[in-house]
Amino acid sequence: MCSESKQMVGSPSPIPGISEEKFQILCLKAVQAKENSYSPYSQFPVGCALLTEDNTIYTGVNVENASYGGAICAERTAIVKAVSEGHRKIKALAVSTNSSKCSSPCGICRQVIREFSESDLKLPIIMLDKNGKKYIEMTIDELLPLSFGPDDLEK
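Residues numbered from 1 in each chain as written. Predicted model: local features only at pLDDT ≥ 70, side-chain atom pairs only at ≥ 80, totals over all residues. Heavy atoms only, no water.

I'm lost on the pairing of strand E4 (residues 90–97) in this one. Help?
Within a regular beta strand, the side chains point alternately toward one face of the sheet and then the other, so they alternate between its two faces. Of all 8 residues in E4, 7 are buried; the element is thus mostly enclosed. Where strand E2 (residues 46–52) meets E4, 7 bridges bridge the pair, whose relative direction is antiparallel. Residue pairing across strands places Val 46 opposite Thr 97, the latter belonging to E4. The pairing of E4 with strand E5 (residues 124–128) spans 4 bridges and is classified as parallel. (Buried < 20%, exposed > 50% of the residue type's maximum accessible area, 1.4 Å probe, protein only. Helix = DSSP H or I, 4+ residues; strand = E, 2+ residues; numbered from the N terminus. Pairing = 2+ DSSP bridges.)

Quick look at the structure:
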């Protein structure tokens, strides 16, 4: 899938309303976050960085557990950190693994990302290769079509 990816270095931000500098920082923080991953069982470190509406960046890593079911993904770690600090809207999210492929968020992470997406579901998800040199950018709507979210609940 990375064969269809875009080159990172020196490329302008593909995201309207986000400067090239902020885009590069967001992606770099996702790549750097992997260093703090606790992944002794899968040996698959994941780093995530998200940008909130006020341009604050939060990072997260996957944290595994010997029971396996107690693990939490990097995307959800970053979201929980942002939400616990009062942020409810995400402008962009970047994720990086040690794979040469551009890996996408898992299903449960897609659903949690969707919860904090803009109502138009155009939240950009940047999937980076292991070095952050190539990426694929898709919206949450493209990654989770026909999604179920807060607007679907009858009140």
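From this point, the narrative continues.
Any chance you could explain the side chain of Arg 76 here in plain terms?
For Arg 76, the location among the structural elements is in helix H2 (residues 74–84). One buried charged residue, Arg 76, forms no salt bridge at all, with the nearest opposite charge on Glu 75 at 6.4 Å. For Arg 76, the contacting residues outside a window of four places in its chain are Ala 71, Ile 108, Cys 109 and Val 112. (Lys, Arg positive; Asp, Glu negative; His and termini not counted. Salt bridge = Lys/Arg side-chain N within 4 Å of Asp/Glu carboxyl O. Contact = heavy atoms within 4.5 Å.)

I'm lost on the nonpolar core in this one. Help?
Burial of nonpolar side chains together is a common tendency in soluble globular proteins. Of all hydrophobic cores here, the largest spans 22 residues; its most connected members are Leu 50, Ile 113, Ile 125 and Met 127. At the level of elements, E2, H2, E4, E5 and helix H4 (140–143) are the ones that each hand at least two residues to this core. Of the residues forming this core, the biggest block, 4 residues, is contributed by H2. Once residues lying within four places of it in the same chain are set aside, the contact partners of Met 127 are Val 95, Cys 102, Ser 103, Ser 104, Pro 105, Lys 134, Tyr 135, Ile 136, Met 138 and Leu 143. Judged by nonpolar contacts, the second largest core, of 14 residues, contains Leu 26, Ala 94, Ile 126 and Leu 128. (Core = buried A, V, L, I, M, F, W, Y, C linked by side-chain atoms within 4.5 Å.)

Where do I start with the UniProt feature "binding site: substrate" (unreviewed entry) in the protein in this structure?
Per the UniProt annotation, the sites labelled "binding site: substrate" (unreviewed entry) are Asn 62, Val 63, Glu 64, Asn 65, Ala 66, Ser 67 and Tyr 68. Of the annotated set, the members that line the largest pocket are Asn 62 and Glu 64. Mapped onto the secondary structure, Asn 65 falls in the loop between strand E3 (57–61) and H2. The class for Asn 65 is partly exposed, based on a relative accessible area of 34%. (UniProt positions renumbered as here; feature names shortened; annotations may be inferred. 1 Å grid on protein atoms, 1.4 Å probe; cavity = no way out; pocket = protein on both sides within 12 Å on 5 of 7 lines; lining within 4 Å.)

Explain the layout of surface pockets to me, please; I cannot follow it from the model alone.
To find leftover empty space, a probe the size of one water molecule is rolled over the atoms. Considering only enclosed or pocket space, the largest pocket measures out at about 210 Å³ in volume. Taken together, 16 residues form the lining of the largest pocket, with Phe 44, Val 46, Asn 62, Cys 73 and Glu 75 sitting closest to its centre. Contributing elements (two or more residues each) for the lining of the largest pocket: H2 and E4. For the lining of the largest pocket, the class distribution of residues is 8 nonpolar, 5 polar and 3 charged. (Points joined across faces, edges and corners; volume = space filled by probe spheres on them. Nonpolar A, V, L, I, M, F, W, Y, C, P; charged D, E, K, R; others polar.)

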